[in-house]
Amino acid sequence: MINYFKTIYQVSKALLQGMAVTGRWLFQPAITVQYPDEKLTPPERFRGTLVFDKETCTACNLCVKACPTACISLEPYVDPATQKRIAKVNWYQIDFGKCNYCRLCEEACPTKPIKSVRHSHDYEWSMKERSEMFVKWKRDPSPVIADTPKDTGTKAA
Amino acid sequence: MATELIRIPGSDFQTEEMILNLGPQHPSTHGVLRVVLKIDGEVITAAQPDVGYLHRGTEKLAENRTYPQMLVISDRWDYLSAMSNNLIWCLAVEKLLQIEVPLRGDYLRVIMVELNRIASHLVFFGTYGIDIGAYTPFLHAFREREKILDLFEEVSGARMTYNYIRIGGVMADLPEDWIGKCRSFLEWIKPRFVEYDILLTENPIFKDRTQNIGIISKEDAISYAITGPNLRGCGISFDLRKDEPYCHYQDFKFDVPTGKQGDCWDRYWVRIQEMKESVKIVEQALDHLPTGVPNAKVPRIIRPPVGESYAQLEAPRGVLGIYCLSAGEDKPYRVHVRAPSFINLTILQKILVGMKLADVVAILGSIDIVLGEVDR
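Treat the numbers as computed from the prediction; the structure is a model and nothing was measured.

Asker: Break down the overall build of chain B for me, with residues and values.
Answerer: Scanning chain B for helices and strands turns up 15 helices and 8 strands. In terms of overall dimensions, chain B is globule-like: its C-alpha atoms have a radius of gyration of 23 Å, near the 21 Å expected for 376 residues. The dimensions of chain B, computed from C-alpha atoms along their principal axes, are 100 × 50 × 35 Å. Here chain B holds 376 residues, and the buried ones make up 59% of them. For chain B, restricting intrachain contacts to residue pairs at least 6 apart in sequence, the fraction spanning at least 24 positions comes to 71%. Total accessible area computed for chain B in this model is approximately 15400 Å², and 54% of it derives from carbon and sulfur atoms.

Structure representation (structure tokens):
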């Protein structure tokens, strides 16, 4: 009989102690962030969606080899006049359905000082269909040929 | 003389064994685990865990991944403590390559792994409360874990799949004033353990649900190769950080907490104490953080010589081991993962027998499995 009341006393004491802990936090400012209205700034090294700079890429294939899931594919640009590969990319495609966001491609990229393929701080992105996950960057070759034909010539030489 | 028919009360009840499927879609199995229970009324007579619903074949995937690429896959084994997985893969490959990591690299690894141990045990603390029926500890635990994840996000750029510890060192040195943030977090979490004790550890209802439930004897624990907090809960002081130090763990002073009889409450208590020890280790590592470069020189294309290596470490859930066989190419020939969750899960069929159905979730939660690691 004594044990019965003892248990009731202990449980209700523990209950009140627990409520006291909860109650103390009741008067602290909230730690949650109301997401669509407030947003946190991602840290410097944040690995968001990949962005690609189609003008600086040299089509060296190092990112393709570094990728663990083989989600990157590219085609180097072939000069139609000389039929030679130049250090430019024709198209570059990332399958974001496979991408791991692991930064191995960015680390492999030899372009300096800004990497051609790098992580941005973007994280709000949605697709409706699987085909939208293939993101393709196509370099328009005409300005290079029209504006600086000598430029490509010096690079080839 | 007529024979007297003696009627046993209740003998005409239609009783039969019932088979009950717990899972694979059950909120308290912590993932896709199926346990086939044979129950006689409320008492369990046999239990058969059925694993494999999350099998992704990462050991096979390793055979056509290069060594740095496999690091990304290793994040996905035990996703609550991805740093340990990164570290064990690096230790195994470094053993093959015979690389010595600089002291600063080792200390950074220790800091990350211990912080990850706190985060992982916090998830256990929170979800175990939910399993038992206490919702408040979950919110408290995830608030603290969020702070650790923020620290990791700053250092590695991701919140769960860090890919931070690399072969030969770490991804990059600490960002500026990271140490200050880490110290303020450690100061912040210390009084929280007192709150946890009030909320859950010393709560009589929680104690009634967990004490003397799911007792693992020392002999069983050893014969089933149980490791980690589950083993230490039985009273056996076995911790690879003490017994076979890696990453300069011998430099740090910490205790190995052990339980008394190996019930659910002991296993829970050991994890709470381990969090406090991890705080101590991180503090010591931050105090004595050596200067210099964190990374060793590693060839651009990693091509270890023909040979094999086995590395093991004390992950939050037990001894995590990697067996790696190299055929002299840039990809491993064979990789085997000794996953602690998987081996700890095998004891379930032994300790569930004779227990009540309501205790299944308490016992399953106290073993603390991660299905990503069980099935790999």
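Asker: Give a detailed account of helix α11 (residues 264-287) of chain B, specifying residues and quantitative values.
Answerer: Taking 1.5 Å of rise per residue, the 24 residues of α11 of chain B would be expected to cover 34 Å, and the 35 Å separating its terminal C-alpha atoms lies within 8% of that figure. In terms of burial, α11 of chain B is a largely internal element, 19 of the 24 residues being buried.

Asker: Give a detailed account of the sheet that holds strand β5 (residues 134-138) of chain A, specifying residues and quantitative values.
Answerer: All names here are of chain A. Taken in spatial order, the 3 strands make up an open sheet running β2-β3-β5, and their pairing is antiparallel. Of all the strands in the sheet, just β2 (72-79) and β5 have a single pairing partner and so form its edges. Strand-to-strand twist of the sheet, defined as the mean angle between neighbouring strand axes without regard to direction, takes the value 25°. Relative to strand β3 (residues 84-95), β2 runs antiparallel, the two being bridged by 7 bridges. In the strand pairing of β3, Glu 75 is matched with Trp 91.

Asker: How would you summarise the side chain of Asp 375 of chain B if you had to cite specific residues and measurements?
Answerer: Residues and elements named next belong to chain B. Mapped onto the fold, Asp 375 is located in helix α15 (residues 371-375). Only 2.9 Å separates the side chain of Asp 375 from the backbone nitrogen of Leu 54, close enough to count as a polar contact. Ignoring any residue separated from it by four or fewer positions in sequence, one finds Asp 375 in contact with Val 32, Val 51, Gly 52, Tyr 53, Leu 54 and His 55.

Asker: Go over the packing of helix α4 (residues 103-132) of chain B against helix α14 (residues 360-367) of chain B, please, and point to the residues and values.
Answerer: All names here are of chain B. Packing of α4 against α14 leaves a shortest axis separation of 9 Å and a crossing angle of 175°. It follows that α4 is roughly antiparallel to α14 by the angle criterion. Across from Phe 124, Tyr 128, Asp 131 and Ile 132 in α4, the residues of α14 making contact are Val 361, Ala 362, Gly 365 and Ser 366. Classifying every residue of the contact of α4 with α14 gives 5 nonpolar, 2 polar and 1 charged.

Asker: I'd love a proper account of the pattern of salt bridges, names of residues and values included.
Answerer: A side chain with one charge can pair with a side chain of the opposite charge if their charged atoms come near. Residues and elements named next belong to chain B. Under the criterion given, the structure shown has 32 salt bridges over all chains. In this structure, Asp 239 engages Arg 232 in a salt bridge whose closest nitrogen and oxygen atoms are separated by 3.6 Å. Each member of the pair, Asp 239 as well as Arg 232, is classed as buried. Salt bridges sharing partners connect three or more residues here, namely Glu 114, Arg 117, Arg 232, Asp 239, Arg 241, Glu 274 and Glu 314.

Asker: Describe helix α3 (residues 82-97) of chain B, naming the residues involved and giving the relevant values.
Answerer: Since there are 3.6 residues in each turn of an α-helix, residues three or four apart along the chain are aligned in direction. Residue and element names in this part refer to chain B. For α3, built from 16 residues, the straight-helix expectation of 22 Å at 1.5 Å per residue is met to within 8% by its first-to-last C-alpha distance of 23 Å. Counting buried residues in α3 gives 15 out of 16 residues, a clear majority hidden from the surface. Positive backbone phi, approximately 60°, marks Gln 98, located one or two places after α3.

Asker: Describe the interface of chain A and chain B, with residues and values.
Answerer: Interface size, as often reported, equals the accessible area lost upon joining of the parts. Facing the 25 residues of chain A at the interface are 32 residues of chain B. When chain A packs against chain B, close to 2200 Å² is buried across both sides, 57% of that on carbon and sulfur atoms. Remark: the boundary between chain A and chain B carries 1 salt bridge. Across the salt bridge formed by Glu 107 of chain A and Arg 166 of chain B, the nearest N and O atoms sit 2.6 Å from each other. Here chain A and chain B share 14 residue pairs in polar contact (both at pLDDT 80 or more) between them. Every element with two or more residues in the side of chain A that touches chain B is listed here: α1 (2-26), α2 (62-66) and α3 (104-108) of chain A. Sorting elements by how many residues they give to the side of chain A that touches chain B places α1 of chain A first, with 9 residues. Along the lines of polarity and charge, the residues of the side of chain A that touches chain B split into 14 nonpolar, 5 polar and 6 charged.

Asker: Can you break down the packing of aromatic side chains residue by residue, with the values?
Answerer: With the rule as written, the count across this model stands at 24 aromatic pairs over all chains. Centre to centre, the rings of Phe 52 of chain A and Tyr 92 of chain A are 3.7 Å apart; their planes meet at 5°, and the pair counts as stacked. Highlighted residues: Phe 52 of chain A in strand β1 (residues 50-52) and Tyr 92 of chain A in strand β3, separated in sequence by 40 residues. Taken as a pair, Phe 52 of chain A and Tyr 92 of chain A share a single burial class, namely buried. Pairing Tyr 128 of chain B with Phe 206 of chain B gives two aromatic rings, centres 5.9 Å apart and planes at 85°, and the pair type is edge-to-face. You can see Tyr 128 of chain B sitting in helix α4 and its partner Phe 206 of chain B sitting in helix α7 (residues 204-210), a full 78 residues away along the chain. The exposure classification of Tyr 128 of chain B matches that of Phe 206 of chain B, with both residues buried.

Asker: Please give an account of the sheet that holds strand β8 (residues 332-338) of chain B that cites residues and values.
Answerer: Residues and elements named next belong to chain B. If you walk across this open sheet you meet the 3 strands as β6-β7-β8, and the pairing is antiparallel. The sheet is open, and its two edges are formed by β6 (307-315) and β8, each paired on a single side. Averaged over all pairs of adjacent strands, the angle between their axes in this sheet comes to 15°, without regard to strand direction. Against the sheet, α3 contacts β6, β7 (318-326) and β8, and its axis sits at roughly 150° relative to β6.

Rules and cut-offs
Residues numbered from 1 in each chain as written. Chains lettered and ligands numbered in written order. Predicted model: local features only at pLDDT ≥ 70, side-chain atom pairs only at ≥ 80, totals over all residues. Heavy atoms only, no water. Helix = DSSP H or I, 4+ residues; strand = E, 2+ residues; numbered from the N terminus. Rg over C-alpha atoms; globule rule 2.2 N^0.38 Å. Buried < 20%, exposed > 50% of the residue type's maximum accessible area, 1.4 Å probe, protein only. Contact = heavy atoms within 4.5 Å. Areas by Shrake-Rupley, 256 points an atom, 1.4 Å probe, with all protein chains shown as cover. Expected span 1.5 Å × (residues − 1). Pairing = 2+ DSSP bridges. Axes fitted to C-alpha atoms, helices over the stretch in contact; angles between N-to-C directions. Polar contact = N/O pair within 3.5 Å; in protein donor to acceptor, adjacent residues only side chain to side chain. Parallel < 35°, antiparallel > 145°, perpendicular 65-115°, else oblique. Nonpolar A, V, L, I, M, F, W, Y, C, P; charged D, E, K, R; others polar. Salt bridge = Lys/Arg side-chain N within 4 Å of Asp/Glu carboxyl O. Buried area = accessible area lost by both parts, 1.4 Å probe. Phe/Tyr/Trp six-rings, centres within 6.5 Å; stacked < 30°, edge-to-face > 60°.

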